[in-house]
Amino acid sequence: MEAAAVTAAQLRERGNAQFQAGDHAAALAAYTEALSLCDAGPERAVLHRNRAACYLKLEDYTKAEADASKAIEANGRDVKALFRRSQALQKLGRLDQAVSDLQRCLSLEPNNKAFQEALRALGSSMHEKMKTMSCTDSKVEQMFQILLDLEENDADKKQKAAQNLIVLAREEPGAEKIFQSDGVRLLTQLLDTAKADLMLAALRTLVGLCAGHRSRTTAILAELGAPRLSAVLGVEHEQVSLAACNLLHVMFDSLKEGLQKDFRGKEDAVVLDSSKDLKLLIKHLLELLALEGASAHGRDNALNLLIKVVPRKSPKETNNSMSLWVIDQGLKKILEVGSTVCGSPGSLPMTENSRMSASVLLSKLYDDLKCDAERENFHHLCKDYVRSWFEGQELVGKLRAIQTVSCLLQGPSDAGNRVLELEGIMDSVLSLCASVREDHQLVAVEALIHAADKAKRASFITANGVSLLKEIYKHSERDSIRIRALVGLCKLGSAGGTDFSMKQFAEGSTLKLAKQCRKWLCNEAMDVGTRRWAVEGLAYLTFDADVKEEFVEDKAAMQAMFHLAKSEDRSVLYAVASTLVNCTNSYDHEEPDPQLLELAKYAKQHIPEQHPKDKPDFVKRRVRKLLTAGVVSALACMVKSENPALTNSCRELVSRVFLALVEEAEDRGGVVAQGGGKALIPLSLEGTEVGQTKAAQALAKITITSNPEMAFPGERIYEVVRPLVSLLHLQRTGLENFEGLMALTNLAGISERLRQKILKEKAVPMIEGYMFEEHELIRLAATECMCNMAMSREVQELFLAEDSDRLKLMVLYSGEEDEKLRRAASGTLAMLTALHPPICKRIPQVTVHWLEILQALLLSTSAELQHRGAVVVMNMVAAGREVAEQLMASEVLEILSVLAKDKEKPHVAQAAKESLAQAVTYGLIKPNPEQA
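What counts as what
Residues numbered from 1 in each chain as written. Predicted model: local features only at pLDDT ≥ 70, side-chain atom pairs only at ≥ 80, totals over all residues. Heavy atoms only, no water. Core = buried A, V, L, I, M, F, W, Y, C linked by side-chain atoms within 4.5 Å. Buried < 20%, exposed > 50% of the residue type's maximum accessible area, 1.4 Å probe, protein only. Contact = heavy atoms within 4.5 Å. Phe/Tyr/Trp six-rings, centres within 6.5 Å; stacked < 30°, edge-to-face > 60°. Helix = DSSP H or I, 4+ residues; strand = E, 2+ residues; numbered from the N terminus. Lys NZ or Arg CZ within 6 Å of the ring centre and 35° of its normal. Arc of directions from axis to C-beta.

Let us now look at the nonpolar core. If you look at the biggest cluster of nonpolar residues, it comprises 260 residues, and the most contacted ones within it are Phe658, Leu661 and Leu887. Apart from residues no more than four positions distant in its own chain, Phe658 is found in contact with Val632, Leu635, Ala636, Val671, Gly676, Ala679, Leu680, Leu683 and Ala698. Core analysis: the second largest hydrophobic core is formed by 15 residues, Leu35, Cys38, Cys54 and Tyr61 among them.

Okay, here's the thing in structure tokens:
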């Protein structure tokens, strides 16, 4: 017990010293550790008071107040604790409580001028706050008066009032003031005016009121009502609908996550379980989907919201009850969107993205199911819906059924395959392919196309589909039908993938199909929806290297595709990304084992062959041509899309293309200049694991060869750290580990804030692990990274930790044969010994070989190694007489005497002279008359 008390006291003293030196984070750690060892009440009170001082310096005022309060609980007359709590309370905006603490301080020490001045300043602050609050009250009232005045014709005045209201709502005090000033009722009046500018002002203000505040959101929802919000979402005005979508998204987040900030007072009122409110909002969104009066944009926004808020964010979450509820209550309403045949009587208003959004939502819901029973229920509901349209219905009903099949095949394809097997469905598809009506034929051909690569159990489609599609392609008079038939042929013709020996069509046929696709793609007279199918065709045909080569030579076709990628029809994104992956060969391909190849030949098995034009030189030329045509700006625009069409699979494809584009160091600057660096950050943080890794590797390549501060300006550079650290995980490849380490080395050398970010991401243990790696380049990269990280105090402390071999490893690496590794390790030692002198005294304790390693550095033929060795010795001599005595008693003295005279290496000579001068000061050696 006594030993523990002594240890706690020592830690407190260490914390005091660190606080005086300005290292507040280290002082906080020392006080916290001391608290864990200390049982005595008075001592704990002092430690809490000291921690409060640290938290004040670190600007964590909530914790500062909590620690100061604990000290005051132990001793109510502790003026230091009272004063620190008053400072924290003032920063937290609780001025009345801060005044109370300061008055208590003055009653205990009436003549303390610091307390007197603080109370005077706080009184002025309170006066200003009261004045501001009074002013804010009148401003809020004035703004609403201007906006609701029907006779006010000054548009600029109204716009300014609306903007001021929105800005005020973004800050918590302003939001609360609007809320308390009957603001919700007044905002409801603005919504009910049906004037777009006033509705936008109201919706954007409501976003500020709801953001991160569950109790206010619940009250606002009760006041506005879900039906009104749903109605606003469904209006024709696109911006108003989008603003309503944003408000609903914020409300969902607030209801799901509760309070995000440390609110006090009225905001802490008990809020009942919000699941009822969530279900109420979702119920109205589902009803909006099938509502004929809702706008096309409103329907898309409702689908997008459901995609974002219903399925689980991660498989680690166990509760999928919301998805199950939506499937039971609203699956048929989602299928209403998916089954809509545009142009038919009574069809729902739709955009070109609506059906794709419905497919994505269905896919997300299906993927969120956890067991076979849940999936069977999903299949059962889908079959019932299709039967309801198909059986006993006229042609219009059969078209709706077939359109539903297409929607399901594009989303949860397992469900689509099940429905496709229903009796009569496939026969109807085939018969309608020959329809004389274009709209009927379109529905049937699209269903056949989607079935061609998805229907596992309907193999006769692949067997018989080519002749049927060829017939349609050759004899149809409508380009819209021919282009779809061509895509079907492309799908069936690409069955061999990149295998050169598995040609599905006769020589030259693939090139002819591709040429026709490019022709349609460049025909601006055709509608965007039809031209999209041309890209779909190229996505399959570009498995063939001859097609890739012709495509990248056709600059007009490339730019037409990029233009489509930037258009409002986001359903083209996957096809564009697939085409680019094929052109850049950025799909996964493993080199076959030579022995297995010989066995396959012997057994007369089929062996995949690479096309001669898929060799690296051809790929490199294709990448250059894509870059010249503007591929980066197209990809950056695709990534910005908030549309459901940008699925995780699509994001992965884009990441693969970016990685191929930055393969050559000379291309990376151009990629960054066109927005590639910015686009890669979200790709590396969201999507499939493979996609995130590819994007992170592309970021690493850019960071290694570019100036990171130029490539990722401002705050963006800190966002790059997490993706780079993800490359250090054990499941990553050696190349990914190496590039991650190299990139982090560059970042760690820039600033302490970046080093702190790397520490926060828990990268240091992984970096240490790779210092033991067998591969010499990875080991070297890890050591270099540690060298830069060693500039941080926290990392320096790690080298002094008990039972740690970190310092020993660094000393031993300084004596390795690999010169680059020696340079990195000895550089780390030079830095550590300079920045953290206690390390100097530990070096002789970690290994018996320390002296011979230092001597070898001093005698090295490399000037860099000599200089590093001389600096380490200089720091060790300066650290204390005991270590200096050990050095001067060895051959190091003689070596230093020689190096001090070396005029060709002034930096080495200077370090040697300083070491000898310090040794003279200690009285270990006599001064050299020549040097004097």
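Our next topic: the packing of aromatic side chains. When we look at a pair of aromatic rings, we describe it by the centre distance and by the angle of the planes. Taken as a whole and judged by the stated rule, the model has two aromatic pairs. Centre to centre, the rings of Phe83 and Phe115 are 5.2 Å apart; their planes meet at 40 degrees, and the pair counts as tilted. In this pair, Phe83 is assigned in helix H5 (residues 79-91) and Phe115 in helix H7 (residues 113-148), connecting sequence segments 32 residues apart. Exposure remark for Phe115: the relative accessible area of 7% places this residue in the buried category. Between Tyr366 and Phe378, the ring centres sit 5.1 Å apart and the planes meet at 65 degrees, which makes this aromatic pair edge-to-face. Residue Tyr366 is found in helix H18 (residues 354-367), and its partner Phe378 is found in helix H19 (residues 372-390); the two are separated by twelve residues along the sequence. The residues Tyr366 and Phe378 share a single accessibility class, namely buried. Above the plane of the ring of Phe390 lies Lys398, whose end atom (NZ or CZ) is 5.0 Å from the centre. The cationic tip of Arg753 hangs over the ring face of Tyr718; the distance from NZ or CZ to the ring centre is 3.9 Å.

It is worth spelling out the side chain of Ser571 at this point. Following the sequence through the fold, Ser571 ends up in the loop between helix H29 (555-565) and helix H30 (573-584). Judged by its relative accessible area of 6%, Ser571 falls in the buried class. Setting aside residues up to four positions removed in sequence, Ser571 forms contacts with Glu352, Asn353, Met356, Arg532 and Ala645.

All right, on to helix H35 (residues 665-673) then. Regarding H35, the residues found buried are Asp667, Arg668, Val671 and Val672. For H35, the arc enclosing every buried residue in end-on projection is 140 degrees, short of the 170-degree limit, so these residues lie on one face. Seen from the open side of H35, the exposed residues pointing more than 90 degrees away from its buried face are Glu666 and Ala673. Of the surrounding secondary structure, the elements contacted by the buried residues of H35 are helix H32 (616-629), helix H33 (631-640), helix H34 (648-661), helix H36 (676-685), helix H37 (689-705) and helix H38 (708-711). Backbone geometry just downstream of H35 places Gly675 in the positive-phi region, at approximately 100 degrees.

Before going further, it helps to examine the side chain of Arg732. Looking at the secondary structure, you find Arg732 in the loop between helix H40 (721-726) and helix H41 (734-748). Overall, Arg732 belongs to the buried group, its relative accessible area being 14%. Non-local contacts of Arg732, meaning those with residues more than four positions away in its chain, are made with Glu689, Thr693, Ser726, Leu727 and Asn737.

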